[in-house]
Structure formats: C-alpha cells, structure tokens
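Breakdown of the fold
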Amino acid sequence: MADESRHGVSRRGLLAGAGAVAVTTAGTAVVGADSAEAGTGGFEPVTVRPGDARYDSLLRGNNFRFAGRPDQIRVAGTTGQVVRAVSEAIRSGRRIAVRSGGHCFENLTGDPGVRVLLDLSPMNAVTYDARRRAFAVEPGATLGQVYRTLFTGWGVTVPGGSCPEVGAGGHFVGGGYGALSRRYGSVVDHLYGVEVVVADREGGARAVVATRDPGDPNRDLWWAHAGGGGGNFGVVTRYWLRSVGAIGTDPSRLLPAAPRRMLQHVVFWSWDGMTEKALTGLMRNFGAWHERNSAPGSRYAGLYGLLKPSHRAGENVMLVAQIDADLPGADAMVTAFVSEVSAGVGLKPVFEVRNTMPWLHRMTWPGSGEPGDVLTRRYKIKAGYLRRSFTEPQLAAVYRHLTNSTGTRESSVLLVGYGGQVNTVAPSATAVAQRDSIMKVAYQSVWAEEKDDAVNLAWVRALYRDVYAGTGGVPVPGDVSDGSYVNYADADLADPAWNTSGVSAQRLYYKDNYPRLQRVKARWDPRNVFRHALAVEPPR
C-alpha cells in the first residue's frame, strides 16, 4: 500500500470518507427515554453539578468548540424522570437544553444561557411494540445500535446515516437520510409516532403520544417531529417506526428489508496535476449524473454516490459508490457511474478499490464517518440542497477556495447523492419540505486546536458566501438551490453578517412549512421553554 501514504490516502481516511463525515453527523441532539419508571436497566436519575468528578466528561458534546457551564446536568433514564426534570427547570426559572448523546454541530446545547442540561444517553432501547405494530426506539440509542438490533432481530432497517455514533434522537427528528434513502426515502417517511414531554402554559410538564393516524388529535405534533429539527417543541422520549402502507403483524414486513451485502467502490485522485478543468469536470459530471438518475423509480435509485474534493493541502479527491450488492445489475451500475463521473477529465486514479462486505459490518464500523478523532474534534460544517448541478460560477468558487492558501488538510466540500424515493412524498406531508432535490452538499473544516479556530472558520465561511454570492451568501431556494438541512445546524444562517438574503434561517430550513411549525410551537410550547439559536419561533 505504498501509494496510499505517498498520496495522502490512509486506511482511516478511506473508511471515514466512505462513511461520509458530513453526510450523517446529524444535527441537533434531542432526547429519548423509556416510559417505564425504573428506566432502561433500572437507571436512576443522576444530577451532576460543577465540582463533581463527572461534570467535565458529561459537559462537552461532540464538537469541542462548545461547552457551557450549566448549574446541573440531569441524566435521566425514564419518561417520568424527564417530566420531573422539565417541570423543575421551569419552576426554578432555569433554561433547559436536551441532548441524546450523539452529534450537535452548533452551540445549541452548549449555549452559556443554558442552566440545566438534560442528558438522555442512557435511554437507548430498541424494541418491537406489538400493540402499535411498530418498532420503538429510544432516542439515546445510536444509529449503530438501531441498525444492529433491527437487523439481528427482524432483518429490517431504516434509511439512516452511515455514522454509527450518531444519536437517533437528533437524526430522526431532523429528517435523517443515508445510503438507502434514494431507494427507501427519508427516515421520517417511516416514522409512525412519537412520545414527547411538553410544557404547558401553567408551567407543568406531561408526556404526549402523537401518531400519523389521520384521526389522531395530536397529529400535528407528530408532523412537526417528522423533520422539524430538535429542541423546538419538547423532549422526545420515544420514536415508533413503521413504513407507510405496511400491513399485518409480522415485524419483518413493517420496515424495509436490510441489504445482505453492500458493494462499495472507492477512487482517489491526487491533487498532483489536478487542474481547474479536471476538478470542475468531476463535480460537473457528478451533478449531471444525478440530474439524469434521481427520479423516483429510476433504475439507479439504489446507487448512492458521494464526491469529496479535499483542499489541495489534503492531497486527494475521493469518489465513493455504494449499492446493495444483490440488486440486479449492481456491479454494472457501479462501473457505469464511476465511468460517467470520471469521463473526460484526464485523471488517473492513485488508488482504487472495489469490495463487497456484509451490510451490518459496513453500517456499524466504529469511527466510520466521524468528524475528526479523539483529539481532532473542532469543526464547522455548512450545507445546502441542490435541485441541479452547481452553476459555472459556483464551480469556479469551489475551485478557488480548495486551492487557496488558507485551507487545511481537513478542509473539504462533499457532494452527496439524494432524491429518488425521497421525492415521492409531498413537501407538506412531513416537515421536510425539500422534496425535489437531487443532491446535498456540505462545506466543512475539522481541526484540533483552539488557536486554529479563526483560520478554519474564516475558510469555510468565505467559501460558503462565495458559492452563494448571487443569493446573499446562503442557498435561497430557486432553480439550483433549495435551502439548507436542519440536521447540519449552522448558526451563521441566523447572523445578518453572513446571511444578507433577507430569508431567515428557519425559511431556509423549512420553506413554506415554517408557518405551520410555528402554529405547532404555539400549541405545544406556549411558554417557549425549548429554544436555541435556530429554533422555531412562536408566531408573532
């Protein structure tokens, strides 16, 4: 593997890249619990305060840039414990924030104004609920736990992300997606119900169950959690998953069948000899392929691709294709995809590999897709939806910033395949409004030291503003862009210094669904207990 080290292609980089760092590190971490008062495994509530040996370890989330100093960290294991924690926070006048233990890109749970941090990571059970004919997932469960339990117990799965450490709480509520979404839709397209601890006007708290059943009087609360983002309406203590139209009582038929094997093809090209024509050609070809092959029912709906051009300092550009190895013609489809994306660019790969592996192995590999590692854990990630390929000025902007002097080895752009079955759902059917996009794009930098914050933040912010220079520095919905993805939380969208479009962050995330989300907010969180920098705001 001598060529790997010479061209900056490490085994860790191969695994992390194939897992798509920004694809699945899903946004705002929200909550989960077991309704049984004893809690998961008999877990008793814990209150940790400054000075406790556990405080610093429980304080910091996934992004080391952010750590508040709350008066207390409440670690809960049941819905009842959550109800009490929320009630006590309201009565004491302390602002509360909730996390499930996964990822949170922004300062939404580490805000200095938060005085009570509610940690629900012990709530991690994944079970089958025969009464509701649905799979119950406590949002403290990680995606790796969800995939493993659903697969080993019943051979089913959900079309979520490829990072096994992501918490289901934030991932699900924000409209999670992943390698199977072009084939099976968004995770929320399989969301049957939620259990949510909400705060009433009098300052009390209670648990409410809401489902997608047409006659459910609480259905609006289910709808808001089908893509409305975390920390907006209450504390989710359980999700129930069952595909729309699934009938009968056999659990193995109530969610999509998991693949048996995944075929993966990875290509690396070196920046040595990489010209603007070659790089923009790769990005243009990748976009054009998705324009041709992302319609619902497309023969290629089962193929998931991503293209990751790292900054020139990172030494390589990576293309990944993944597909269920047992789909008819899978091998030929991957060959055609790689050929079409690389056509006419005049590049010779420095490393290329195709392999087939068991599906569960691929989806639960430790560390796959994580932003950074145990030391490198500071990052900034920004995002957008694409209805079609980047324009020529946008391609030129990407190239300029990937070749400038301020980017680092961990600065990159990530184009991710989307569309397919996702786009069979009406924009108003769930809170996920983007239902005719064909790609997502992430702009990111990852680093280790606080002293490097300024240069890395400046790089990714300048890149983003340049790409969207024609629409006020943000991806305003139009012919090409379609707003941003709430699970890639980006507080800059609410900052007029970086968003000069006149379109609010909430409209970029939710589009025409935002007024309805505000009405749900008014009904279920009338005191605005659950709030953060990007929160759904009460109607004025």
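Relevant structure appears above.
Description of the structure in this document. Just so we're clear, the structure is a prediction, and the values are computed from it rather than from any experiment. (Residues numbered from 1 in each chain as written. Predicted model: local features only at pLDDT ≥ 70, side-chain atom pairs only at ≥ 80, totals over all residues. Heavy atoms only, no water.)

**Considerations on the side chain of Thr-280**
Heads up, the condition is: Strands here mean DSSP runs of E at least two residues long; helices mean DSSP runs of H or I at least four residues long; both are numbered from the N terminus. For the exposure calls, accessible area comes from a 1.4 Å probe over protein chains only, and a residue counts as buried if that area is under 20% of its type's maximum, exposed if over 50%, partly exposed in between. The contact criterion used throughout is that any non-hydrogen atoms of two residues lie within 4.5 Å.
Considering the arrangement of structural elements, one finds Thr-280 in helix 10 (residues 276–293). Exposure remark for Thr-280: the relative accessible area of 7% places this residue in the buried category. When neighbours within four sequence positions are excluded, Thr-280 is seen to be in contact with Leu-395 and Tyr-399.

**A short note on the packing of aromatic side chains**
As a reminder of what qualifies: Between rings of Phe, Tyr and Trp, where Trp is taken as its six-membered ring, a pair exists when centres lie within 6.5 Å; planes separated by under 30 degrees are stacked, by over 60 edge-to-face, and by other angles tilted.
Here the structure, examined in full by the defined rule, presents 23 aromatic pairs. Measuring from centroid to centroid gives 5.8 Å for Tyr-147 and Trp-359, while their planes differ by 70°, and the two rings are edge-to-face. Pair noted here: Tyr-147 is in helix 6 (residues 143–154) and Trp-359 is in helix 12 (residues 359–364), with a separation of 212 residues, a long-range link. Between Trp-289 and Tyr-300, the ring centres sit 5.3 Å apart and the planes meet at 85°, which makes this aromatic pair edge-to-face. Of this pair, Trp-289 sits in helix 10 while Tyr-300 sits in the loop between helix 10 and strand 11 (304–309), placing them 11 residues apart in sequence. For Tyr-300, a relative accessible area of 12% gives the class buried.

**Remarks on the pairing of strand 16 (residues 439–447)**
The test is simple: At least two bridges found by DSSP between two strands is the condition for calling them paired.
The element strand 16 is largely enclosed, with a buried count of nine among its nine residues. Burial along strand 16 is two-sided: Met-439, Val-441, Tyr-443, Ser-445 and Trp-447 and Lys-440, Ala-442, Gln-444 and Val-446, pointing in opposite directions, are all buried. Across seven bridges, the pairing between strand 15 (residues 411–417) and strand 16 is antiparallel. If you follow Val-413 over to strand 16, its bridge partner there is Tyr-443.

**Topic: the sheet that holds strand 9 (residues 235–241)**
Under the convention used in this document: Note on definitions: angles span 0 to 180 degrees between N-to-C directions of axes, and those axes are lines fitted to C-alpha atoms, for helices only across the stretch in contact.
As summarised here, the arrangement of the five strands in space is 5-6-9-7-8, forming an open sheet in which the pairing is antiparallel. Edge positions in the sheet fall to strand 5 (126–129) and strand 8 (205–211), since each of these pairs with one other strand and no more. Taking each pair of neighbouring strands and ignoring which way they run, the sheet shows an average axis angle of 25°. Strand direction decides the pairing type here: strand 5 and strand 6 (residues 134–137), joined by four bridges, are antiparallel. If you follow Val-126 over to strand 6, its bridge partner there is Val-137. Contacting strand 5 and strand 6, helix 6 runs over the sheet at an angle of about 45° to strand 5.

**Some points on the pattern of salt bridges**
Operational definition: The rule for a salt bridge is simple: a side-chain nitrogen of Lys or Arg has to be within 4 Å of a carboxyl oxygen of Asp or Glu.
Within this structure, the stated rule accounts for 31 salt bridges. In this structure, Asp-525 and Lys-521 form a salt bridge, with 2.7 Å as the shortest nitrogen-oxygen distance. By the burial criterion, Asp-525 is buried, and Lys-521 matches it. Salt bridges sharing partners connect three or more residues here, namely Glu-106, Lys-380, Lys-382, Arg-461, Asp-490 and Asp-492.

**Observations concerning the side chain of Asp-525**
Short version of the rule: Between N or O atoms, a polar contact is any pair within 3.5 Å; within protein, one atom must be a potential hydrogen donor and the other a potential acceptor, and residues adjacent in sequence are included only when both atoms are from side chains.
Looking at where Asp-525 falls in the secondary structure, it is placed in the segment after helix 16 (514–524). Asp-525 sits in the buried class, given a relative accessible area of 1%. For Asp-525, the side chain forms a polar contact with the main-chain nitrogen of Val-529, separated by 2.9 Å. Setting aside chain neighbours within four positions, we find Asp-525 in contact with Ala-199, Asn-232, Phe-233, Val-520 and Phe-530.

**Focus on helix 13 (residues 392–402)**
Along helix 13, the residues classified as buried are Gln-394, Leu-395, Ala-397, Val-398, Tyr-399, His-401 and Leu-402. Among the structural elements, helix 10, strand 11, strand 15 and helix 14 (453–467) are those in contact with the buried residues of helix 13.

**Some details on helix 14**
As a reminder, the rule being used: One less than the number of residues in a helix, times 1.5 Å, gives the span that helix is expected to have.
In this model, helix 14 (15 residues) spans 21 Å end to end at C-alpha, consistent with the 21 Å of a helix rising 1.5 Å per residue. Inspection of helix 14 places Asp-453, Asn-456, Leu-457, Trp-459, Val-460, Arg-461, Leu-463, Tyr-464 and Val-467 among the buried residues, and these make up the whole buried set. Tucked into the core, helix 14 has its buried residues touching strand 14 (378–386), helix 13, strand 15 and strand 16.

Such coordinate-based values are descriptive only and should not be taken to indicate function.
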